[in-house]
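# Inside the fold
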Amino acid sequence: MGLNRIIYFSRLIFWRFLRKNQSLYQLQNNLGYFFHDSSLLNTALTHKSKETKVSKNYEQLEFLGDAILDQIISEMLYKEFPKAGEGILTQKRSSLVQKSFLSKMGEELDLLKYIVSGPSLDLTLGKVYEKQLGNVFEAIIGAIKIDGGINPCINLIKNTVWKNRDEAWKTVNYKGQLIEFCQANSLKIPRFIVRDTKGPDHEKVFKVEVNIGSFKHASASAPTKKAAEQIASEKTLEIIKTS
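Counting restarts for each chain: residues are numbered from 1 in the order of the written sequence. Local features are withheld for residues below a pLDDT of 70 in this predicted model, meaning they are given only at 70 or higher, and side-chain atom pairs are given and counted only at 80 or more; totals for whole chains, interfaces and linings count all residues. Only hydrogens and water are removed before side-chain values are computed, so all heavy atoms of the structure are retained for them.

### Comments concerning the packing of helix α5 (residues 86-97) against helix α11 (residues 225-242)
Orientation of α5 relative to α11, taken along the N-to-C sense of each, is 135 degrees, at an axis distance of 8 Å. Taken together, α5 and α11 sit at an angle that is classed as oblique. Here G87, I88, Q91 and K92 of α5 lie close against α11, whose contacting residues are E234, L237, E238 and K241. Taken together, the residues that form the contact of α5 with α11 break down as 2 nonpolar, 2 polar and 4 charged. To define axes, lines are fitted to C-alpha atoms, for helices over the stretch in contact only, and angles between the resulting N-to-C directions are given on a 0 to 180 degree scale. Per the convention used, a helix needs a DSSP run of H or I reaching at least four residues, while a strand needs a run of E reaching at least two, with both numbered from the N terminus. Here the word oblique covers every angle except those under 35 degrees (roughly parallel), over 145 (roughly antiparallel) and from 65 to 115 (roughly perpendicular). Contacts were defined at the residue level, with two residues in contact if any of their heavy atoms lie within 4.5 Å. Side-chain classes are defined by residue name, with Ala, Val, Leu, Ile, Met, Phe, Trp, Tyr, Cys and Pro counting as nonpolar, Asp, Glu, Lys and Arg as charged, and the others, Gly among them, as polar.

### A short note on the pairing of strand β2 (residues 205-212)
Sheet faces and side chains relate simply in a regular strand, where the side chains alternate between the two faces. In this analysis, strands are considered paired if DSSP registers two or more bridges between them. With 7 bridges joining them, strand β1 (residues 191-198) and β2 adopt antiparallel strand pairing. Counterpart to I193 in the pairing with β2 is E209. Where β1 folds back on β2, the antiparallel hairpin that results is connected by 6 residues, among which G199 adopts a positive phi of roughly 90 degrees. Hairpin connection from β2 to strand β3 (residues 215-222): 2 residues lie between these consecutive antiparallel strands, with G213 at a positive phi of about 65 degrees.

### Examining the nonpolar core
Throughout, nonpolar core names a set of buried Ala, Val, Leu, Ile, Met, Phe, Trp, Tyr and Cys residues whose side chains join them through atoms within 4.5 Å. The buried label goes to any residue with under 20% of its type's maximum accessible area, the exposed label to any with over 50%, and the partly exposed label to all in between, with areas taken from a 1.4 Å probe on protein chains only. Core analysis: the largest hydrophobic core is formed by 60 residues, its most contacted members being I73, L96, I140 and V161. Top contributing element to this core by residue count: helix α7 (residues 126-148), with 8 residues. If near-sequence neighbours (up to four positions away) are discounted, L96 is found in contact with I73, L77, F101, L102, V161, W162, R165, A168 and W169.

### Quick notes on the sheet that holds β3
Ordered by their spatial adjacency, 3 strands build an open sheet running β1-β2-β3, and the pairing between neighbours is antiparallel. A single partner strand is all that each edge strand has here, and the edge strands are β1 and β3. Neighbouring strand axes in the sheet, compared pairwise and without regard to direction, differ in orientation by 20 degrees on average. Here β2 pairs with β3 via 7 bridges, running antiparallel. Bridging from a neighbouring strand, N211 pairs with K216 of β3. Packed on one face of the sheet, α11 meets β1, β2 and β3 and runs near 140 degrees to β3.

### A word on the layout of surface pockets
One number sums up the size of the second largest pocket: a volume of about 290 Å³. Here a cavity denotes a set of grid points, spaced 1 Å apart and computed over the protein atoms alone, in which a 1.4 Å probe fits but from which it cannot get out, and a pocket denotes an open set meeting protein on both sides within 12 Å along at least five of seven lines; residues with an atom within 4 Å of a point are reported as lining. Around the second largest pocket, the lining residues are K92, D166, W169, K170, V172, Y174, A227, Q230, I231 and E234. Element by element, the count of residues in the lining of the second largest pocket is highest for α11, at 4 residues. Of the residues that constitute the lining of the second largest pocket, the class distribution is 5 nonpolar, 1 polar and 4 charged. Grid points are joined across faces, edges and corners, and a volume is the space filled by probe spheres set on the points.

### Quick word on the environment of W162
Within the element layout of this structure, W162 appears in helix α8 (residues 150-162). Note: C-alpha distance between W162 and Q91 (71 residues apart in sequence) is 15 Å.

### A few points about the pattern of salt bridges
The salt bridge criterion pairs a side-chain nitrogen of Lys or Arg with a carboxyl oxygen of Asp or Glu, the two atoms within 4 Å. Taken as a whole and judged by the stated rule, the model has 10 salt bridges. Linking E62 and K99 is a salt bridge whose minimum nitrogen-to-oxygen distance equals 3.6 Å. Here E62 is found in helix α4 (residues 59-80), whereas its partner K99 is found in helix α6 (residues 99-108), with 37 residues between them in sequence. Exposure remark for E62: the relative accessible area of 17% places this residue in the buried category.

### Structural notes on the packing of α4 against α5
Contact geometry of α4 with α5 gives a least axis separation of 10 Å together with a crossing angle of 135 degrees. Considered as vectors, α4 and α5 are oriented oblique to each other. When the axes of α4 and α5 are compared, the crossing they make is right-handed. Contacts between α4 and α5 involve L69, D70, I73, S74 and L77 from the first element and L89, K92, R93, L96 and V97 from the second. Residues of the contact of α4 with α5, tallied by class, amount to 6 nonpolar, 1 polar and 3 charged. A crossing counts as left-handed when the near helix is turned anticlockwise from the far one by less than a right angle, and as right-handed when that turn is clockwise.

Nothing here speaks to function; it is all geometry.
Quick look at the structure:
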């Protein structure tokens, strides 16, 4: 058993049997990390409506966690897509670190019930609820970095954000981004042309080609026309942004 696993299980035992705090034990069990300095975890869960002193609420840890998340996701994308241009990598990273997606990670970890806030913060409001889940998720990453270094941060991000990356990328509207890019750069509005359709009705595959002016840029095949348009748009964005 490696040193990291020994540390993990010793802290697990400490929190489970000596601290006897079942609530924070369960949270840390969900995180896959047990804190040595419990005050860092408490700070990461505390909103400024409860504690105005910056060293006692999550804002500084959120700032740190945001930067760490960007760095780790950037490195993962660099390794996953060695041939991708900067524009595509930036788009993929943006989808993974946006608050709406991070709030879903917070929901998976059931963070809402651990947030400590004052009466001025109404966590029943959708926008407030979403923002706080994302903020606290980032703050916990920051707290873990200070308490245990970068490796447990990488593990948490792998098991949450990276594990669900395909879900985040499905929400990216590459077709809309391509149209906006063309408009902003005085290019012709892209045309999406179905070049081929194969297979029986229940298993059709559509091949869509993107044309901008007289130039053919990229094509893609998918089970639906919409999906093929999105994939072809993503490819076209990478081509025209790096050309």
